[in-house]
Amino acid sequence: MEYSEKQIAIINAAEKLFAEKGFDGASVRDIAQEADVNVAMISYYFGSKEKLMEAVFEERTVNIKLKVENLLQDKSITPIQKVYILIDDYVDKFIHQQQFHKIMMREQMINKHTPVAALIHELKKKNLESIRTLIQEGQKTGAFKKNIDIVLMMTTMVGTVSQMLTSQHFYRTLNNMEHMDDMEFQRHIRKKLSTHLKNLFKQMITNE
């Protein structure tokens, strides 16, 4: 779905406040104030706070399935190269969408049967199905091992990136990187995460 500039401003404001206060803690009035619009406009565009959260999820995750589908159709690269591309894509998304990542973490920790929990469950289910298709392609060619726990594999990737971002200030201090500006530091951890995960996944899933 294509959103207007005003709708994007509302989505961005909602994402910021959902990350800071949680879904229950951020009111529609708070979001309207953050986006500099009236409350009626949010109702007009999205209908409810639940539908607004759905829009946040849609806007931040729309390209994941398309990315895997394009990779599956590309016969010019090997299965492990496709996994590497996917790793880079996930790392980039986590780094550039840290507020959305906070929403995911916060709402999963609450562990309640809510509309937001349902959105997270559906997103993870779709991602898992897409990754499973990619892994099965590599298994058919003999490039990947037969017994791969795909859920644990994805948990390893998401958990590693999540832990790095959550504790990045400690990583920065422990490695004497306080002199780096934020952009330089983000480039550094992106490279470190990408290299680490590619080495780890190569050992975990390939027959090499």
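Note that the coordinates shown come from a computational prediction; the quantities given were computed from them, not determined experimentally. (Residues numbered from 1 in each chain as written. Predicted model: local features only at pLDDT ≥ 70, side-chain atom pairs only at ≥ 80, totals over all residues. Heavy atoms only, no water.)

Asker: In this structure, what is going on with the overall build of the protein? I would like to understand it.
Answerer: The secondary structure content of the protein amounts to 10 helices and 0 strands. In terms of overall dimensions, the protein has a C-alpha envelope of 60 × 40 × 30 Å along the principal axes. Considering the protein as a whole, with its 208 residues, one finds that 42% of them fall into the buried category. Approximately 12200 Å² of the protein is accessible, and the part contributed by carbon and sulfur atoms is 52%. (Helix = DSSP H or I, 4+ residues; strand = E, 2+ residues; numbered from the N terminus. Buried < 20%, exposed > 50% of the residue type's maximum accessible area, 1.4 Å probe, protein only. Areas by Shrake-Rupley, 256 points an atom, 1.4 Å probe, with all protein chains shown as cover.)

Asker: Would you take a moment to explain the environment of Ile135 for this structure?
Answerer: Its location among the elements puts Ile135 in helix H7 (residues 115-141). Under the relative-accessibility criterion, Ile135 is labelled buried at 1%. Considered as a pair, Ile135 and Val116 are 19 residues apart in the sequence and their alpha carbons are 29 Å apart. Not counting the four nearest positions on each side in its chain, Ile135 is found in contact with Val83, Phe144, Ile148, Ile150, Met153 and Ile205. (Contact = heavy atoms within 4.5 Å.)

Asker: Can you walk me through the pattern of salt bridges in this structure?
Answerer: A side chain of one charge can pair with a side chain of the opposite charge if their charged atoms are brought near each other. Inspection of the entire model under this criterion finds 11 salt bridges. Linking Arg60 and Glu15 is a salt bridge whose minimum nitrogen-to-oxygen distance equals 2.8 Å. Here Glu15 lies in helix H1 (residues 5-25) and Arg60 lies in helix H4 (residues 49-73), a separation of 45 residues in the sequence. Ionic pairing is found between Arg190 and Asp88, a salt bridge with its closest N-O pair at 3.8 Å. Note that Arg190 is positioned in helix H10 (residues 182-205) and Asp88 in helix H5 (residues 79-96), a separation of 102 residues in sequence. Residue Asp88 is classed as buried on the basis of its relative accessible area of 18%. One network of salt bridges, with partners in common, ties together Asp88, Asp92, Arg190 and Lys198. (Salt bridge = Lys/Arg side-chain N within 4 Å of Asp/Glu carboxyl O.)

Asker: I would appreciate a short explanation of unusual backbone geometry in the present structure.
Answerer: Despite not being glycine, Asp36 has its phi angle at roughly 60°, a positive value. As for its position among the elements, Asp36 is in the loop between helix H2 (28-35) and helix H3 (39-46). Judged by relative accessible area, which is 66%, Asp36 ranks as exposed. One non-glycine residue, Asn176, lies in the positive phi region at around 55°. Assignment of secondary structure puts Asn176 in the loop between helix H9 (168-174) and H10. Judged by its relative accessible area of 56%, Asn176 is exposed.

Asker: Can you help me understand the UniProt feature "DNA-binding region" (unreviewed entry) in the protein in this one?
Answerer: Per the UniProt record, "DNA-binding region" (unreviewed entry) is annotated on residues 27-46. Secondary structure content for residues 27-46 is 80% helix and 0% strand, while the C-alpha to C-alpha distance between its ends is 14 Å. (UniProt positions renumbered as here; feature names shortened; annotations may be inferred.)

Asker: Even after reading the chapter, I still don't get H7, so can you show me in this structure?
Answerer: Residues separated by three or four positions in an α-helix point in the same direction, a consequence of the helix having 3.6 residues per turn. Between its terminal C-alpha atoms H7 stretches 40 Å, which fits the 39 Å expected from 27 residues at 1.5 Å a residue. Directly beyond the C-terminal end of H7, a positive phi value near 85° is found at Gly142. (Expected span 1.5 Å × (residues − 1).)

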